[in-house]
Amino acid sequence: MDTAARVRIPPAMALYAEKHDIFDLLQIMVRSLMVDKPEEPIQYLIQLLRRGRIEVPHIMVLGPPASGKRTIARQLCEHTRAVHITASAVLKEDKARLRERRQVSTHSHGDTPEIPRELWIKLIQQRLSEADCIRRGWVLEGIPHTRQEALLLQEVGIFPEHVVMLEAPDEILIKRSLAKRKDHPSKVDAKTEQLQGVPSEDNVASQLIKYHQEAHALLRTYKNCLKVVKSDQSQDEVFAQVLSHVQCKTWPMAPHTPRVLLFGPPGSGKSLQATLIAQKYNLVNICCGELLRAVSADETSVGELIKQYLVSGEPVPDSMVLQVMTERLSRLDCTSRGWVLHGFPRNINQAKMLHEANFIPSRVFFLEMTDEVASEVVTLRAVDPITGERYHSLYKPAPSPEIEARLRHNPQDSEEWLQIRLAQYSANVLALKDTYPGAVCVNVDQDPHSVFETLESWLIRRVATTAAPSDVEDVKEGES
Amino acid sequence: MSAKQEHVAAAGSRETPCLSNQGRAARGGGNMATPREREAADYLEEHKIAELMHNLTSLLFFHRPEKPIPFLIAQLEKLQASREGATEPPCLFDLSNVDAVFGILDPTGQGHVTLVQYREALSTLGIKGFDDFPEGAAADRISLATFKREAKAGLLRSSATYKAV
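Residues numbered from 1 in each chain as written. Chains lettered and ligands numbered in written order. Predicted model: local features only at pLDDT ≥ 70, side-chain atom pairs only at ≥ 80, totals over all residues. Heavy atoms only, no water.

## Section: the packing of helix H18 (residues 371–379) of chain A against helix H20 (residues 415–435) of chain A
Residue and element names in this part refer to chain A.
Argument step 1. In contact at an axis separation of 10 Å, H18 and H20 are set at 135° when each is read in the N-to-C sense. Considered as vectors, H18 and H20 are oriented oblique to each other. Both H18 and H20 take part in a crossing whose hand is right-handed. Taking contact as the criterion, the partners of Asp371, Ala374, Ser375, Val378 and Thr379 in H18 are, on H20, Glu415, Leu418 and Leu422.
Argument step 2. Its residues placed into classes, the contact of H18 with H20 shows 4 nonpolar, 2 polar and 2 charged. (Axes fitted to C-alpha atoms, helices over the stretch in contact; angles between N-to-C directions. Helix = DSSP H or I, 4+ residues; strand = E, 2+ residues; numbered from the N terminus. Parallel < 35°, antiparallel > 145°, perpendicular 65-115°, else oblique. Left-handed = near helix turned anticlockwise from the far one by under 90°. Contact = heavy atoms within 4.5 Å. Nonpolar A, V, L, I, M, F, W, Y, C, P; charged D, E, K, R; others polar.)

## A few points about unusual backbone geometry
Glycine aside, residues mostly have negative phi, and peptide bonds are mostly found in the trans state.
All names here are of chain A.
Argument step 1. Going from isoleucine 143 to proline 144, the amide bond is cis rather than trans, its omega being -5°.
Argument step 2. When you line up the elements, proline 144 lands in the loop between strand E3 (138–141) and helix H8 (147–155).
Argument step 3. Geometrically, the link from phenylalanine 344 to proline 345 is a cis peptide bond, its omega value of -10° lying close to zero.
Argument step 4. Along the polypeptide, proline 345 turns up in the loop between strand E8 (339–342) and helix H17 (348–356).

## Things to note about the packing of aromatic side chains
Argument step 1. Applying the stated criterion across every chain yields a total of 4 aromatic pairs over all chains.
Argument step 2. Consider the rings of tyrosine 118 of chain B and phenylalanine 147 of chain B, whose centres lie 6.2 Å apart with planes at 70°: the pair is edge-to-face. You can see tyrosine 118 of chain B sitting in helix H7 (residues 115–124) and its partner phenylalanine 147 of chain B sitting in helix H8 (residues 144–159), a full 29 residues away along the chain. Of the two residues examined, tyrosine 118 of chain B and phenylalanine 147 of chain B, each falls in the buried class.
Argument step 3. The rings of Phe263, Phe366 and Tyr436 of chain A are connected pair by pair, giving a single aromatic cluster.
Argument step 4. The ring of phenylalanine 366 of chain A is capped by lysine 433 of chain A, whose NZ or CZ atom sits 5.6 Å from the centre of that ring. (Phe/Tyr/Trp six-rings, centres within 6.5 Å; stacked < 30°, edge-to-face > 60°. Buried < 20%, exposed > 50% of the residue type's maximum accessible area, 1.4 Å probe, protein only. Lys NZ or Arg CZ within 6 Å of the ring centre and 35° of its normal.)

And the structure:
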């Protein structure tokens, strides 16, 4: 049984894995097992899966005093139905429960309780392991305060999926703290003449200093999932930014096989962009024309047939192209690394066949340029046959007259051929755009590296898999 | 039929590299692994978590249910039941597959295969730790009965991904 040769993973499996986020599911299962290490893993897993919502929010909202953590945390909880946990809430519940074992200091200044760190972590852990937190997820406000607390939390298995750190200039924070004081005249504590829970001016300054010392370390600890949000903007803007960060899933470790389709008229830079993308992300670059020519050079029956078509200049029939294409795309390098495809499909029939063969692209781009620009780009370009360098009369003229003399023009780049190709392209492009509703249109009338950056930004973004497909969007340079 | 195993194994192993790496790192690290890491590696091995995940993934990819979570729950419950001795654990391959494999190796219907074929076939089915020199090895004729017996025992072992009761 020859198992080493030609292992082909049917694309159906990879698509299924992507569609149902199988990797994330497995990762969560294994992670929970490792953290809790139950004696009966099978039973534990059954319970975990039965809970329904596997991915619950685990968010930490950090920031200096008076930066608006409470408001943000409350809004987040409303939005995600998670449980809101604050330092004082944990203490209050604990006080109610452990009246005998009161190890909590009653002279607490501001929000930081003076209890031993290990006990504090234990309290948090207890609170977070209660049923409602497990089921709905949690939003921790102002916890942890220091890097040591963060590390201790991690040791007991509490780590956030997202961390939001609010930031504002110190003057604003001091102003806000004092404003809080003025707003709560009824909370004056007779014993200490200090507003209950609201610190005095010196206190604010010293708290801020302490906070800044810790903030830097906390930034480092959570840098993978952290986002700093300026809280000296309008409330809605702050919340919008926080929400968008919290909703984007952290970049998964799942095997990532991007499958990119590039469409565009001749001269739009498809080959160039495809090369750049393939190089940077280690994808397989497939140009339909090149593939056909390579196959026709082989002495196979399919190759011979294709050669005849190429020689006569007629378009190769769809079924043959599809056959060659499916063979190439099912090879192991394509399935494991992903691919960038350009020059195919050329019409809606080919697109349908590609879809039926189960090769679904994960990103589709339409490169757009006006016909005049296309004409300019294509008709004036030439190749130096000796060095292989490509030149262009306007954008990249040949450096010396000898090179200029030996430049050769591709006969397909002539004006008549170009018009034919452009006509073919525009006849099909609208139908193709309909077939791929999630496609992104990019204007390529700019330098190639800006185009590449735009394409990259769309490649990297995780598209919502369960949301309805978005309409075709126009992305111009400068906007994102 | 061999295609089933290849595809599923290849796709499954892509998804669970982290487990094997973790185990290898903690065990092979010796002084490098912290006590927590060693604990973790021991736990994984004791409860056969890596094999469990591998089997679950294979089943998922082969059956591709519309609702993966209820499917996984069902498989886990079957596994739990088999642990208590009630039924057989869920497995991707059943006895008819074993027969089919034997049939491929022995197309003329002689009733036996060579030792090399026997070893290759059992490893393709993903069975580890089978008897290298079963009955008939000396004569290089492994009978269908021996083949089936070893295959069945091996499949049972690889699907029973739980700590021995």
